[in-house]
Structures are given as C-alpha cells and as structure tokens.
Amino acid sequence: EDKVVQSPLSLVVHEGDTVTLNCSYEVTNFRSLLWYKQEKKAPTFLFMLTSSGIEKKSGRLSSILDKKELSSILNITATQTGDSAIYLCAHPGGAGNMLTFGGGTRLMVKP
Amino acid sequence: NAGVTQTPKFRVLKTGQSMTLLCAQDMNHEYMYWYRQDPGMGLRLIHYSVGEGTTAKGEVPDGYNVSRLKKQNFLLGLESAAPSQTSVYFCASSLRAGQGVTEAFFGQGTRLTVV
C-alpha cells in the first residue's frame, strides 16, 4: 500500500519569510510526485516531479525530488498572505493513477 | 472552461436519507475519481473509474456506490447516509497515462453534513 507523509502538519510564518515543506513517500512503483495547493476549495496543481535532482520552479515556489531519500521538498520564498493554504503532496499509483495523498501542511502567512 | 463541475455544492441530510452527487467533466478525460476530505486526514479515495462503464473501489468505499454510464459523468451515491459521512467530497479527472502520468483536475467540492 502506497504511503505519503507530509511535515510539518502546520506552520505559521510572517510575510517575507522562506518556508520549506516536506513530503516523504513509500510506494510500490514510483511514477511521480505531485504538489497541489488548496485554498478554500479545489486543490490546484503546482508541480509534477519525476526525476531526482531537477528543480521545478514557478515564481517564488520551487520543488525538488530526491529519489534516494524518497522525499521531496516545496520551497516558498518571500512568502505573502496569499500563500496561506493547505499544501498537498500525492503519488499516482495503480491501474487508474489514483492519487495517494499525504495529510497536507497547513501554512498560514501573517502580515 | 468548465473543467470539472460538481453538484450540489452544499447539502444537509438526515441520517438514513439517500442522495447522489454528480460530477461532470468536459475535458474528455478517461479517468475519474471521488475523494473525501476530512480534517487532518488529507484526501482519501472512495471509488474511481478508468473508463465508461467501469468502476472500482478505493481506500474508503463502504457506504458509497458509483456509476459511470457516460464518459463525462461520474455519480456518487449514498444509499443510507450516516453522520460519519459528513465530509467534503471532491471529484477529479485525469487523462489516461500512456508512458507517463498526468495531473488530476479537481471540482470545487461538495460539503455534505449528515445530522
């Protein structure tokens, strides 16, 4: 059974801080790791990571996969209040590419 | 661009009542999924479908049934609602993976309360 674990559970920072969110996985047949941001409603896609050591970047957000350590990190630099959300990490597995999610990290950015 | 649309957005049910949640996607995706999200537990897969006419159980299928009569629609049914089914339900869809994987797109969620 695939397992995805995220840490920390929650985080409170001030605007301008840099944060690092962690995701570790134990899966039968690794395909990729996906990061999502969830504000009030639907999770929205951020990154898909398939290769170890290659950073994906989008503005102030970046993510990297370490297949040796079975983990991934999501970095957010110069945080803004609009970054407040739950960040979810997931692995697609099985015949239907079903996503196994971690429990999420709830990030709150204070002004 | 509609994407993935869920109806209804909110519902309150009494214990023992039944209801159906509808999910519709206009992206011609093969795969569709129903997840539930509870505080501190992330999203858990209820049922999924890899194509029209096929469904399969996910991690937490008990108390739910699904049907995929048309490729674009995926219905989630609760035959006899229980308070433990109070949750936020998300539908998602994704392309069939050839050699790789594509991301899943999510609907806006249905907040269901069973009293």
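Report on the accompanying structure. All figures in this text were calculated on a predicted structure; none of them were measured in a lab.

**What to know about the interface of chain A and chain B**
Okay, step 1: Taken together, the contact between chain A and chain B spans 20 residues of the former and 19 residues of the latter.
Okay, step 2: With both sides pooled, the region where chain A packs onto chain B buries about 1,600 Å², and carbon together with sulfur makes up 64% of that total.
Okay, step 3: Inspection of the region where chain A meets chain B yields zero salt bridges.
Okay, step 4: The interface formed by chain A and chain B includes five residue pairs in polar contact (both at pLDDT 80 or more).
Okay, step 5: Those elements that place two or more of their residues in the side of chain A that touches chain B are β4 (33-38), β5 (43-49), β9 (85-93) and β10 (98-101) of chain A.

**A few points about the pairing of strand β4 (residues 31-37) of chain B**
Residues and elements named next belong to chain B.
Okay, step 1: Counting buried positions along β4 yields seven of seven residues, so the element is predominantly enclosed.
Okay, step 2: Burial of the side chains of β4 extends over both faces: Y31, Y33, Y35 and Q37 are buried on one face and M32, W34 and R36 on the other.
Okay, step 3: Across seven bridges, the pairing between β4 and strand β9 (residues 87-94) is antiparallel. Directly across from Y35, in β9, lies its bridge partner F90.
Okay, step 4: As paired strands, β4 and strand β5 (residues 43-51) are joined by six bridges and run antiparallel to one another. Paired with Y33 across the bridge in β5 is Y48.
Okay, step 5: In this structure, the hairpin formed by β4 and β5 is closed by a connection of five residues, where G40 is found at a positive phi of approximately 75 degrees.

**A few points about the pairing of β4(A)**
Residue and element names in this part refer to chain A.
Okay, step 1: Most of β4 sits inside the fold, with six of its six residues counted as buried.
Okay, step 2: Where β4 meets β5, six bridges bridge the pair, whose relative direction is antiparallel. The residue of β5 that forms the bridge with Y36 is F45.
Okay, step 3: Between β4 and β5, which pair antiparallel and follow one another directly, the connecting turn spans four residues.
Okay, step 4: Here β4 runs beside β9; their pairing, made up of five bridges, is antiparallel. Counterpart to K37 in the pairing with β9 is Y87.

**A look at the sheet that holds strand β7 (residues 64-67) of chain B**
Residues and elements named next belong to chain B.
Okay, step 1: If you walk across this open sheet you meet the four strands as β1-β3-β8-β7, and the pairing is antiparallel. Each edge of the sheet is formed by a strand with only one pairing partner; in this case those strands are β1 (4-7) and β7. The mean inter-strand angle of the sheet, taken between neighbouring strand axes irrespective of direction, is 20 degrees.
Okay, step 2: Looking at chain direction, β7 and strand β8 (residues 73-78) are connected through four bridges and run antiparallel. Looking across to β8, one finds that Y64 is bridged to L78.

**Concerning the state of the cysteines**
All names here are of chain A.
Okay, step 1: In this structure the tally under the stated criterion is two disulfides over all chains.
Okay, step 2: The disulfide that involves C23 links it to C89, with 1.9 Å between the sulfurs. Between C23 and C89, the S-S dihedral sits near -65 degrees, and the bridge is therefore left-handed. Here the residue C23 occupies a position in strand β3 (residues 19-26), and C89 occupies one in strand β9, the gap between them amounting to 66 residues.

**A closer look at the environment of A:R31**
All names here are of chain A.
Okay, step 1: Within the secondary structure layout, R31 lies in the loop between β3 and β4.
Okay, step 2: Taking the C-alpha atoms as reference points, R31 and G93, separated by 62 residues in sequence, lie 7.2 Å from one another.
Okay, step 3: There is a polar contact of 2.4 Å between the side chain of R31 and the side chain of N97.

What counts and how
- Residues numbered from 1 in each chain as written.
- Chains lettered and ligands numbered in written order.
- Predicted model: local features only at pLDDT ≥ 70, side-chain atom pairs only at ≥ 80, totals over all residues.
- Heavy atoms only, no water.
- Contact = heavy atoms within 4.5 Å.
- Buried area = accessible area lost by both parts, 1.4 Å probe.
- Salt bridge = Lys/Arg side-chain N within 4 Å of Asp/Glu carboxyl O.
- Polar contact = N/O pair within 3.5 Å; in protein donor to acceptor, adjacent residues only side chain to side chain.
- Helix = DSSP H or I, 4+ residues; strand = E, 2+ residues; numbered from the N terminus.
- Buried < 20%, exposed > 50% of the residue type's maximum accessible area, 1.4 Å probe, protein only.
- Pairing = 2+ DSSP bridges.
- Axes fitted to C-alpha atoms, helices over the stretch in contact; angles between N-to-C directions.
- Disulfide = S-S within 2.5 Å.

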